Amino acid sequence: MLKKLYGVIGSPITHSMSPHIHNDAFKQMDYNAHYHAFHIEPDELEDAVKGMKALGVSGFNVTIPHKEAIIPLLDEVDEAARRIGAVNTVVNRDGVLIGYNTDGKGYVEALKEVTMLKNKRVLIIGAGGAARAIFYTLAKEGNIQIDLYNRTACKAVELIQEFSLNHLAKGISSKEAVNRMKDYDVVVQTTSVGMFPYTEESPFPLINIKEGAVFSDIIYNPIETRLLRDAKALGAVTQNGVSMFAYQAAFAFEHWTGQLPDTDRMKNIVKVQLGGISC
Ligand code: NAP
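In short, a report on the structure. A quick note: this is a predicted structure, and the numbers were derived from the prediction, not measured.

### Notes on the pattern of salt bridges
For step 1, the next point in the chain: Applying the stated criterion to the full structure yields 17 salt bridges.
For step 2, the next point in the chain: A salt bridge links lysine 210 to aspartate 185, with the shortest nitrogen-to-oxygen separation between them at 2.9 Å. Placement of the pair is lysine 210 in the loop between strand E10 (186-189) and strand E11 (214-217) and aspartate 185 in the loop between helix H7 (174-179) and E10, with a sequence separation of 25 residues.
For step 3, the next point in the chain: You can call lysine 210 partly exposed: its relative accessible area is 30%.
For step 4, the next point in the chain: The shortest N-O distance in the salt bridge between arginine 226 and glutamate 200 comes to 3.6 Å. Taken together, the residues arginine 226 in helix H8 (residues 226-233) and glutamate 200 in the loop between E10 and E11 connect sequence positions 26 residues apart.
For step 5, the next point in the chain: Judged by its relative accessible area of 28%, arginine 226 falls in the partly exposed class.
For step 6, the next point in the chain: Through salt bridges with shared partners, one network takes in Arg121, Asp147, Glu176, Arg180 and Asp183.

Right, dumping it as structure tokens:
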């Protein structure tokens, strides 16, 4: 039987870890397929999507900077991806390209590894694409009170209004975030602050935190951001972005094949690619 082809489109794409984890999962599950990274610039996106369809590519991931721009180019977009306003996974179902977003679901699955969510008070830092997916998915879990802080404060308030979640979410300033840090059970860092090479940067200083608080940063390069390091020193349980990356990939894989791959194996591959050790 002809090998199926999958891939990821984005720019830059050279250092993408997706080919490593998906090709390993195909091999592990004896699935006759290959996953390839395609460098696509914004002015090539429309042709690239048509090309994927014409070539019969079975599915692909979408990364920076195309997650929003691809929406009008697809045949169908599922409800969550449409509301989030971003697609990171496309399935080619008999010539019909369908868009999904697995970032939010992947993140919440990762967070559940380190904490239960019911009745928790959560602070989300950021209001960009990843924050939108995480906020939307977390809010749907119910019984979670969410505060949202973003450098551009109006974006946080608009996000809450757009999702009509005013009853359980509130936009706050950085001063409020710092002063109220002791109230939060879970702090979710979704901005690019602290990402390589600016590894000494942090969204704000941590003075005191709630006992047993969970600090989760979706950045995975470096493995431990300044925020996580500071939070750990104050006694927090910390989580980096590797688990989210593995779960969003696993849910994409499930959309394509109907099977969930081994997420621990995916996490180890990412850690090894980042120069860590596999265990
Ligand atoms: P995005 O849409 O461009 O949003 C960027 C966010 O970061 C915005 O809230 C922005 O605030 C904030 N920001 C940027 N520079 C800042 C600064 N100097 N000070 C304060 N805030 C700043 O990006 P994204 O797609 O959401 O991605 C954000 C991060 O998540 C990236 O590091 C990405 O690698 C990571 N990510 C990880 C995973 C994973 O699987 N682990 C998945 C997706 C994304 P303004 O609104 O004020 O500009």
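Having seen the model, we can carry on.
### Thoughts on helix H1 (residues 18-28)
For step 1, the next point in the chain: Residues of H1 that are buried: Ser18, Pro19, Ile21, His22, Asp24, Ala25 and Phe26.
For step 2, the next point in the chain: Here the buried face of H1 lies against strand E1 (4-10), strand E2 (33-39), strand E3 (59-62), helix H9 (242-257) and helix H10 (263-273).
For step 3, the next point in the chain: Directly beyond the C-terminal end of H1, a positive phi value near 55° is found at aspartate 30.

### A short note on the side chain of serine 11
For step 1, the next point in the chain: Locating serine 11 in the fold gives a position in the loop between E1 and H1.
For step 2, the next point in the chain: Filtering out sequence-adjacent residues up to four positions away, serine 11 remains in contact with His39, Ile40, Glu41, Ile64, Pro65 and His66.

### Things to note about the sheet that holds strand E4 (residues 76-77)
For step 1, the next point in the chain: One open sheet holds the six strands; their spatial order is E2-E1-E3-E5-E6-E4, and the pairing between them is mixed. Two strands bound the open sheet, and with one partner strand each, they are E2 and E4.
For step 2, the next point in the chain: Across three bridges, E3 lies against strand E5 (residues 89-93) in antiparallel orientation. Across the sheet, glycine 59 pairs through a bridge with valine 91, a residue of E5.
For step 3, the next point in the chain: The sheet strands contacting H9 are E1, E2, E3, E5 and strand E6 (96-100), and the helix crosses E5 at an angle near 5°.

Cut-offs applied
Residues numbered from 1 in each chain as written. Predicted model: local features only at pLDDT ≥ 70, side-chain atom pairs only at ≥ 80, totals over all residues. Heavy atoms only, no water. Salt bridge = Lys/Arg side-chain N within 4 Å of Asp/Glu carboxyl O. Helix = DSSP H or I, 4+ residues; strand = E, 2+ residues; numbered from the N terminus. Buried < 20%, exposed > 50% of the residue type's maximum accessible area, 1.4 Å probe, protein only. Contact = heavy atoms within 4.5 Å. Pairing = 2+ DSSP bridges. Axes fitted to C-alpha atoms, helices over the stretch in contact; angles between N-to-C directions.

So far we have only geometry, and geometry alone does not tell us how the molecule works.
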